[in-house]
Structure formats: C-alpha cells, structure tokens
Amino acid sequence: MKLFSEKVREARLLLNLTQEELGKLVGVSKRAVLAYETAGVLPRQNVKLKLAEALRVSIDYLDKDEIEDPTYGLEKTEYVEETRERFGSKAAKEIDFLLERNSALFAGGALDQEAKDAFFEAVTKAYWAAKEEARKTYGRKINHQ
C-alpha cells in the first residue's frame, strides 16, 4: 500500500520531472509539490486532477492508497471529466461510482478495450440523458455545483 505522497514522487521521477517542472505543469509552486511529496499535504481535488493528468496516472490511483496500479481506472477518466464539465463535480462523482461499480462485471472476463469503452459510453450516455431530463423537469440547478 502506497500513500499519495509516495505515488506522486515515484510518478514524477519516472517521468524525469523536477518538482519545479511538475509544479508548472499543474499550476502550483515547487514548494507545493515538495509538500505533497514529503509533508503529507493533500491538494484540492482540482489540483489532484491536474496532477493525475501531468503524471499520466489515474485519479483513482492518487486518491486510494490501496490501488497500486497507476493505470487503474484510466479508461473511465474521459467519461468522468466530460460529465464534470457538463453537470458539475457531484455528477462526476456519481458517474465515477456507476462506472466503477459496473466495471466489476468485467472481473475475470476477457473483454477487450473496445467492448469496455462501448459499455462505459452507453452507461454515460444513459446517465446524461437522465440528467438532461431532470434539468427540464426540475431546473438547471440539479447537481450543478
């Protein structure tokens, strides 16, 4: 089990980035990166998202100490981020939960990436359709944070 700080440092070193270079990619100072790596400081979620992107790892990997595979959950990232842009962070958490729970259906199976992508896309589109209907019925403020 690796902590957030260890994961950030290891991923940064694998990419041969200095703390200053990573900070510039993410929009934080070298001191902030140092704090993430050594002082146990956790950034805000929006900075974590930028860190995950810059380090080429999944947000799940950074968020959950028990996940040791840096690519775990990367296949759902684009769906979660597009949902965040369309409906806000609460909706992004909801679709992440749905996709995570439904990916358990793949356990032990031999689905190729194309089939997984088709499944994630179908679930996401159904979720978006439900959100759009909720907007029409209840107004734009539903889950828009």
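Just so we're clear, the structure is a prediction, and the values are computed from it rather than from any experiment.

Trainee: Explain the UniProt feature "domain: HTH cro/C1-type" (unreviewed entry) in the protein chain to me, please; I cannot follow it from the model alone.
Mentor: The UniProt record annotates "domain: HTH cro/C1-type" (unreviewed entry) at residues 8–62. Across residues 8–62 one finds 71% helix and 0% strand; the C-alpha atoms that close the span lie 8 Å apart.

Trainee: Got a minute to help me understand the packing of helix 1 (residues 4–14) against helix 3 (residues 30–38) in this structure?
Mentor: At a closest axis distance of 6 Å, the pairing of helix 1 and helix 3 adopts a crossing angle of 120°. The angle between the axes of helix 1 and helix 3 places the two elements in the oblique class. Two secondary-structure elements touch here, helix 1 through Phe4, Ser5, Val8, Arg9 and Arg12 and helix 3 through Val33, Tyr36 and Glu37. Grouping the constituent residues of the contact of helix 1 with helix 3 by class yields four nonpolar, one polar and three charged.

Trainee: Teacher, can you tell me more about the nonpolar core here?
Mentor: A general feature of soluble globular proteins is that nonpolar side chains tend to end up buried together. Counting 20 residues, the largest nonpolar core has Leu22, Leu51, Leu55, Val57 and Leu62 as its most contacted members. Looking at this core, the elements with two or more residues in it are helix 1, helix 2 (19–26), helix 3, helix 4 (45–55) and helix 5 (59–63). Top element by residues in this core is helix 4. It accounts for six residues. With residues near it in sequence (within four places) discarded, Leu51 still touches Phe4, Leu22, Val26, Tyr36, Pro43 and Leu62. Membership of the second largest hydrophobic core comes to twelve residues, among which are Tyr79, Ala92, Ile95 and Leu99.

Trainee: Can you help me understand the side chain of Lys76 in this one?
Mentor: Secondary-structure assignment places Lys76 in helix 6 (residues 74–87). Judged by its relative accessible area of 3%, Lys76 is buried. Setting aside residues up to four positions removed in sequence, Lys76 forms contacts with Asp60, Asp96, Leu99, Glu100 and Phe120.

Trainee: Honestly, the packing of aromatic side chains in this entry has me stumped. Any pointers?
Mentor: Working definition: an aromatic ring pair is given by the centre-to-centre distance plus the angle between the planes. With the rule as written, the count across this model stands at three aromatic pairs. An angle of 75° between the planes, with centres 6.4 Å apart, marks the rings of Phe4 and Tyr36 as edge-to-face. One end of the pair, Phe4, is in helix 1; the other, Tyr36, is in helix 3, with 32 residues separating them in the sequence. Across this residue pair, the class does not change: Phe4 and Tyr36 are buried.

Trainee: How should I be thinking about unusual backbone geometry in this particular structure?
Mentor: Across the chain, the bulk of peptide bonds are trans and the bulk of non-glycine residues have phi less than zero. In this model, Asn16 sits at a positive phi of 55°, which is unusual for a non-glycine residue. Inspection of the secondary structure puts Asn16 in the loop between helix 1 and helix 2. Here Arg56, not a glycine, exhibits a phi torsion of approximately 60°, which is positive. Secondary-structure assignment places Arg56 in the loop between helix 4 and helix 5.

Conventions we followed
- Residues numbered from 1 in each chain as written.
- Predicted model: local features only at pLDDT ≥ 70, side-chain atom pairs only at ≥ 80, totals over all residues.
- Heavy atoms only, no water.
- UniProt positions renumbered as here; feature names shortened; annotations may be inferred.
- Helix = DSSP H or I, 4+ residues; strand = E, 2+ residues; numbered from the N terminus.
- Axes fitted to C-alpha atoms, helices over the stretch in contact; angles between N-to-C directions.
- Parallel < 35°, antiparallel > 145°, perpendicular 65-115°, else oblique.
- Contact = heavy atoms within 4.5 Å.
- Nonpolar A, V, L, I, M, F, W, Y, C, P; charged D, E, K, R; others polar.
- Core = buried A, V, L, I, M, F, W, Y, C linked by side-chain atoms within 4.5 Å.
- Buried < 20%, exposed > 50% of the residue type's maximum accessible area, 1.4 Å probe, protein only.
- Phe/Tyr/Trp six-rings, centres within 6.5 Å; stacked < 30°, edge-to-face > 60°.

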